[in-house]
Structures are given as C-alpha cells and as structure tokens.
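One-letter residues, chain by chain:
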Amino acid sequence: MPTRPYNPKRYNPKEIEPKWQRRWEENETFTTKEDADKPKYYVLDMFPYPSGQGLHVGHPKGYVASDIVARYKRMRGYNVLHPMGWDAFGLPTERQAAKEGRHPAEITERNIGVFRRQLKMIGLSYDWEREFSTTDPDYYRWTQWIFLKLYERGLAYQAEVAVNWCPALGTVLANEEVKDGVYVETGDPVEKRLMRQWMLKITAYAERLLEDLDSLDWPQSVKEMQRNWIGRSEGALVSFEVKGGDKGASLDVFTTRPDTLFGGTYCVLAPEHPMTTKLITDEHRAEAEQYIEIASNRLERERLADTDPKTGVFTGSYAINPATGEAVQIWIADYVLMGYGTGAIFACPAHDERDYAFAKAFDLPIVEVVSGGDISNGAYTGDGLHVNSGFLDGLDTDRAKAKIIEWLEENGRGEARISYRLRNWLFSRQRYWGEPIPILHLEDGSTVPVPEEELPVLLPHLADISPTKAGEPPLSRATEWLNTKEPKSGAPARRETNTMPQWAGSCWYYLRFIDPKNDKEPWNTGLEKKWMPVDLYIGGTEHATLHLLYARFWHKVLYDAGLVSTPEPFQKLFNQGMIQARSFKDKMGKYHYPEEAEEADGKWVLRATGEELESRIEKMSKSRYNVVTPDEVIEHYGADCLRLYEMFMGPLEDDAVWQTENIAGIRRFLERAWRLLFPEDPEKACKKGEEYELPEAFARLLHKTIKKVTEDIDRLQMNTAISALMIAVNEATKLPRVPYTVISTMARLLSPFAPHIAEEMWETLGGEDSIANAPWPEFDPGKIVDDVMKIPVQINGKLRGVIEVERGLGEEEIKNAALKDDRVLQHLQGAVLRKVIYVPNKLVNFVVSKQKQA
Ligand code: ANZ
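Computed from a predicted model, the values in this text were never measured in an experiment.

Student: Any details on the overall build of the protein chain? Residues and values, ideally.
Tutor: The secondary structure content of the protein chain amounts to 25 helices and 31 strands. Taken across its 854 residues, the protein chain has 52% of its residues classed as buried. Across the protein chain, the fraction of contacts at a sequence separation of at least 24, relative to all contacts at a separation of at least 6, is 71%. Here the protein chain has roughly 39100 Å² of accessible surface; of this, 49% comes from carbon and sulfur atoms. Of the side-chain charges in the protein chain, 108 are positive and 131 negative, and the distance between the mean point of each set is 6 Å.

Okay, structure coming up:
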C-alpha cells in the first residue's frame, strides 16, 4: 500500500470562527444593499435592553432563529434586511449609574459594548452598519418628531391623573411595575397620587387595533391577549334620573346587560366619580368621605380582582330606574372603577356575581329577571327567557337586549354603546434617562411645541440625576437648559421636565433601520415603501401586549399622517420559548451554583456539607445562580455548537431546560460533518473533481433532506431540520467516499445553522465567494417520490400477493421479502421452488412444482 502522508485537518472552532467573523466584517458580507432586482425580506429581532448583566444563553435563542432565516433567505435570492440595535433608555441604567456614581450615558456605552461583543461572537449575520441606540440624539431627534405629530393630531395631551407614585424613587411607575403596593424591582412602597401627566390617546385607535389583528400572521395566543387588553364590550348607556336633587341631573351608567334593567335594584358609583360630592347627603357625609379616602389608595388591579366585594357606603340619594320607574339607592363602592365605562353602574344582583355578593352583604333587593337559575343560591349569569320585565317578558337575552336598546333610544333614556377596557397611555416619567418631551410651557400656562428645526431637544448633561427635594423631576435641576424663550415671540418659556417612558424608543425603531443615517427625515419614503412591513418579527411573549400594542398604535398614527405605507408594522410574529435552567436553594433560601450541588439517592445535596437542597427549573437569572453565558459555551464548544444546540433543544416556541452535558452530542455531529471532507481514513478522502454515482437510497435521502430542511426553516421548525441533517450526515459517513457535490449540498444546508464550519468547508471545496451568497440547494422532486414501492408477487404466473418494499433494495432483499409475505407463503405450502424470475423493481415470479422434493 502506498504510504502517503495524510494529516486530516482537525475541526477547530477556535480557529475558524474568529477567522470567518473577521472575513464577514472585512468583506461586508452582510451589508444590505439596495438591490432592486431581488425581492425583499425584512427579518427583525426585538432589540435588547443592554443591561449590566450581559447576555446569558437564553437571550440569543430568538436571535439564532432569526439569523437562520436571514441566511436562508439570502441564499434563496432575497435581499435581506437583518439589523440590530439597542433599546437603551430607562430606569435600570439610571439606577446603575446612581449606584456607581457614573453618568447613565457611560453605563449605556459600556453595556452596549458587552452586548455587541457577545452577539458578534455568535456569528449573527446582522448588518452592523445600521446599528443605533435609542439614546443617540440622531435617533431620539425623530422620536421627539413623532411625538410632535401625535401632539399636532391631538393625540398627546396633558391631564391630572392618579398615578403610581414611588416616593423612594421619586418617580411614577407603570401599572406593570407595581405589585401588591410596591415596586417589583426594589420593594419600595408605591402610592396613588394625582399628578399632571402627558397622555397618549391610544383609545382613539382601539377599534382599528382590534380589527386589524385579523390581517396578521401572529400566534393566536398573542392576538387573544391583545383582544383582551383592548377589551371591547358591546352594551348600552342608560340614564338614571337622580331623584329630588337638581332637576334634570342624571346618572349615566354603562352596561353590557341592558336586558336586565328591570332587575336593577341599586346603582353604584366609583369612589372617584365626580358626582359623589353632590350625591352624598349630609347624614352620610362623614362615613362616605372616609370610605372614599381609603378606597383611593387601593390599587386598581386589586379592586378588579375582588370577586366578592363587601365594602361600600350608601350616599343617601336615589335614582329612578327608567324601566321600572322605581327609586333605587345610589351607593359608592370600589368594585366599580372610574376608568371604565362611565365609572357608574346599575346593579342587577340576580344576574351578576359581584352585585349579588354586594347585595347580600348590604341587604339590598334581589329581583330575578332571567329565568333558568336558582337565585337563592347565587347569581344566574346564563341566558334564559325574561320574567318580571314588563315588555321584555318571554324574550331571550339577545332579543331582550335589542328591544330594550330600541326602547331606551325611543324614550331618550339611553343608547347602544361600545366600551373598551383599553386606557390612554400614561406617557411621562419623572426620570432623567429618557427622551426629553419637546414641549415648552409659557407663563400663561399654555404649551407650545418645540419647532421641528430645533430638534433634538438634547438631554442636558447633569451630574446629579436624582429628583429634587420638592419632588420635581431631575431635569428641573438643569436651570440653564430649563429656562428658554418661545422661538416665535421670544416670550420666556420653561421646558418640559418630564421624559418619555422606555417604550417610546421601541415604537418605531424598525422604521429607522430602513434608513438609519438619514439626517433630513426619519426615513426616506421610497425606502419605507420598499422594505415595510417587517416580514418576520421574532421575540419573547413578554411583549405580547405593551410593546406590540404601542408600536402598532404609533404605526397607525404615522399611517394616517401618510408617513408610512402599511397599516400594520409586523406582518408575521413568532415568539421563541424561554431557556430555563436548574437552580439550587438551601434551607435558608440562599441559592448555590450548580457546581456546588450533587445528586445523591435521587436528592440534590450540597457537595461540601451534604445539606439537602431544593432544586427547581426556573428562568435564568444572576440572582438564582443558574446563569450560563454564551462566552463560556463558545469557549468550550464553539459558536456553531451553541447555535445548533439552542435550536435542537426542542420546538422553537417551547420553553426548554439548558443541559450543558447535551452539547457534546452536537459537537460530535459537527465533527462528523467535518470528517465528510477531512476523513481520518485517507482511503475515504474524496478529491476535487472525483465523482461517482451515488447509491440510489442515499441520493433519495439527500433530496428528501433538502426538502425537509427547506420546509422546516420556512415553518421555523429548526429542531426537526437539524435532526434531518444529522441523519443525512450519518448516512453519508457510511458511503465509501463522499463526493464533493454531496459535501457541497450538506455544507449549504448546514450553513444557516452553523455558518462558520460551513464556510470553512465551502472554502475547501473551492467556493470563491462566501457560502452566505451561495445558492440554496434545490431538491429533485423525481428523486423523492414514494419511499416504498409495490411489487406484485406471482406463483407460476398467477398473482398471489403484493409486497411493499423500500425503494432501493437489492434483488436478494426483495426476493426474501416476497418469501415472507403471508399469502405467498400459503400458496408455497408443500411446493418445490424451481426458479425465481425477477424483473427489477417490477415483479417477482416463483416457478414451483407440486411434488415434494426428493
Ligand atoms: C348591569 C349588569 C347586569 C351588568 C348583569 C352585568 C351583568 P364587561 O363585560 O367587562 O365590559 N361595569 C360597567 N362599568 C363598570 C365599572 N366602571 N367598574 C366596574 N364594573 C363596571 O363588563 C361590563 C359590566 O361590568 C357592565 O354590565 C356593568 O355591570 C359592569 F346581569 O351592568 B353590568
């Protein structure tokens, strides 16, 4: 045997990964060009908040998936836009800055540096030329500009509203940031306070935000959450005349069950209702005012969740039920909220559970008006024929509703009405690290917008970013910045000191990515027309309502202003599941690192002491000591391994538990793929140009793999695409030699998932350009028809059976299969086999004679 020195090149991700990342950057491989000939594809990630913690392995799950799609679409001939940036204004950075005694801008820059380095290490094919942060003045200039568009349209206004005020932080908090009366992050108490705030009128878009959901390719669950958040209710407005008191005073209530009006036995006002003062009689004043005071400090969420309301006070006044003409008591109770409907209801205890509990507690009358239940046991909320209801008697719920609304309208006592649970958006924060609101306050109390040419209103540099002692926002410390002049008249003016909430910057960033360097306008309209809408938007379910609703709202306003060409920003949405990890906690509630724990007799114990530990699968977080970073995984296994492992953990949309020990299997797969090109056995090494005909079974498998991987990426089923690739690589390993054409196909199929190894193989195969620009393999439909074929089996020329065999089996295997067929066997009983005629893939004919063999 000739000895030729053969030194198979080893798979070394540490060498090839940085090499290709450098190459991509040098060659601007992923810079998006405005290529008019190709169809466009815009694939976007929900850009991250660059926190001080850096990324853990849970964060890139969605980024890897979107990257696979981006790379795949490029290979299929699309002009792909795949950008990345930073959503960097907000409280966490401001707090970090205060802790470290540094400026938030400095912290932001540092954190972005860490995030960018980590993302680049993973080999994501972003067009980094388009990177920006929402904190860049060149960006927030246009955030302020859009705010002015809202202001011009009357969609941004000021109002005195009850807010969640956190005295310790000196700022208001969003409802989502408050739980059980404290700020979820710090535990600082939060109270209700009336303050002048900027509001955005998102409710003006409630109907369209709801309707247009139907046009979107989004997960049903997210659409449902948005529908619930918007909370559309069809019902009626009913006017109750107040008895006595001012002539003509009436109390308007919103109801979804106007059909139960005859059973309305009392009315309830929210404690904040403006009519309470007028309606409370002297006799009840002391008690009622005390109640209102207590109720005003209860959080709305608690009030809503209260299914068994038993607190309230009687005002002393009465209202006339328009249906029965009877006087009913008017109460004040906090189970009625001011922000919904009209802030007042008529109560029908027989058919509403909360009204029932309340009526029982205060001994108020209960009158059944819908038959079908047993109201001595509780409220009956189902449908049924109406009773005790005058002209509604005998009608079912739907008919009764229609009829009573008609009656109310005819008699001027009410009308059909649609109500939404959605509230206007509280848009101001008493914080430093946010976009200044571009508004000037004049001495007469009026407001004027900062002229467009003067944008951005720069965030002034402040050494002390805390609120003032008097509770004024941090920006009121910037005296020089604060006091200015109204540009037109020169009159003295004071700048708005509130800043925008963190959500603002993410409301339109997808538009800026289209044209990030434009310093004349937020984006060029031609480019906007070309790139919008976003074809695929990938991110976590935590943004199902707020971010996605806010961004849709801004987009619709821009659409109405003729600034964008599509009514919706994100055509298809996909939510990746979370990556979780095991955590370990001791009896004192202290968390331990996984390395400190070991399993003994089916229990987890602390290695050092044997103390039993409680172990749970939880989301990754520093405070739970269960974080795994991409840095450590890449150091040990490489970025391609990390990418593949994350995609192989299970369906992309499912949560999955991180198990470092499983990465080894992925690494072995990549080694195997590598050895197709660089086998250990020199005899198996195929040379360039050396081809031979593939075994039919393998050719079929190869084409089936192309089809499967293609379709799976289209459906974002990354895990099954990877298993198909694993099978194909395994089968290829069994070939005597793997021809270059096969390796070329495999490398291209693998490249969206594991781009570095694929590039290295591609280069070895002689590819000149990056594999990222190589054409995606096509499958031959003719090669993947039926896996199995049917072969008739004859005995002495008579059809005796049909066998199903896998395509590609050899003659012997097919004959053996025919001999195992039950029907054939029966006919062969006692016969002597003389001869077998085999027509390849068409027929087996056994020639037999009847005598027994000698
Ligand atoms: C009379 C009635 C009779 C009601 C009955 C229900 C059942 P949804 O479906 O969520 O829109 N309601 C109206 N405004 C309210 C407020 N500000 N705070 C608390 N509750 C309020 O709920 C609408 C129903 O919730 C309305 O219909 C009203 O009670 C109550 F058999 O009116 B109903």
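Student: Which residues make up the pattern of salt bridges, and what are the values?
Tutor: Inspection of the entire model under this criterion finds 51 salt bridges. The salt bridge involving Glu-34 is made with Lys-530; its shortest N-O contact spans 2.8 Å. In this pair, Glu-34 is assigned in the loop between α1 (13–26) and β1 (40–45) and Lys-530 in helix α15 (residues 525–531), connecting sequence segments 496 residues apart. Taking the shortest distance from any N to any O, the salt bridge between Arg-102 and Glu-100 comes out at 3.1 Å. Salt bridges sharing partners connect three or more residues here, namely Lys-9, Lys-19, Arg-23, Glu-760 and Glu-763.

Student: Mind laying out the sheet that holds strand β15 (residues 425–426), listing which residues take part and the relevant values?
Tutor: The strands that make up a sheet are held in pairs by hydrogen bonds between backbone atoms, and each pair lies either parallel or antiparallel. Ordered by their spatial adjacency, four strands build an open sheet running β4-β3-β7-β15, and the pairing between neighbours is antiparallel. The open sheet has two edge strands, β4 (171–173) and β15, and neither has a second partner.

Student: Quick rundown of the site of the ligand? Include the residues and the values.
Tutor: Around the ligand lies a shell of 17 residues, among which Ser-233, Thr-255, Leu-337, Tyr-340 and Arg-421 are the nearest. One of the side-chain nitrogen or oxygen atoms of Thr-255 is found 2.7 Å away from an oxygen atom of the ligand. Measuring from an oxygen atom of the ligand, one finds a backbone N or O atom of Thr-256 at 3.0 Å. In the complex, 83% of the free accessible area of the ligand, which totals 650 Å², lies under the protein chains. Put simply, the parts of the chain that give the shell around the ligand at least two residues each are β9 (250–255) and β13 (344–347).

Conventions we followed
- Residues numbered from 1 in each chain as written.
- Predicted model: local features only at pLDDT ≥ 70, side-chain atom pairs only at ≥ 80, totals over all residues.
- Heavy atoms only, no water.
- Helix = DSSP H or I, 4+ residues; strand = E, 2+ residues; numbered from the N terminus.
- Buried < 20%, exposed > 50% of the residue type's maximum accessible area, 1.4 Å probe, protein only.
- Contact = heavy atoms within 4.5 Å.
- Areas by Shrake-Rupley, 256 points an atom, 1.4 Å probe, with all protein chains shown as cover.
- Lys, Arg positive; Asp, Glu negative; His and termini not counted.
- Charge placed at Lys NZ, Arg CZ, Asp CG, Glu CD.
- Salt bridge = Lys/Arg side-chain N within 4 Å of Asp/Glu carboxyl O.
- Pairing = 2+ DSSP bridges.
- Near = heavy atom within 4 Å.
- Polar contact = N/O pair within 3.5 Å; in protein donor to acceptor, adjacent residues only side chain to side chain.

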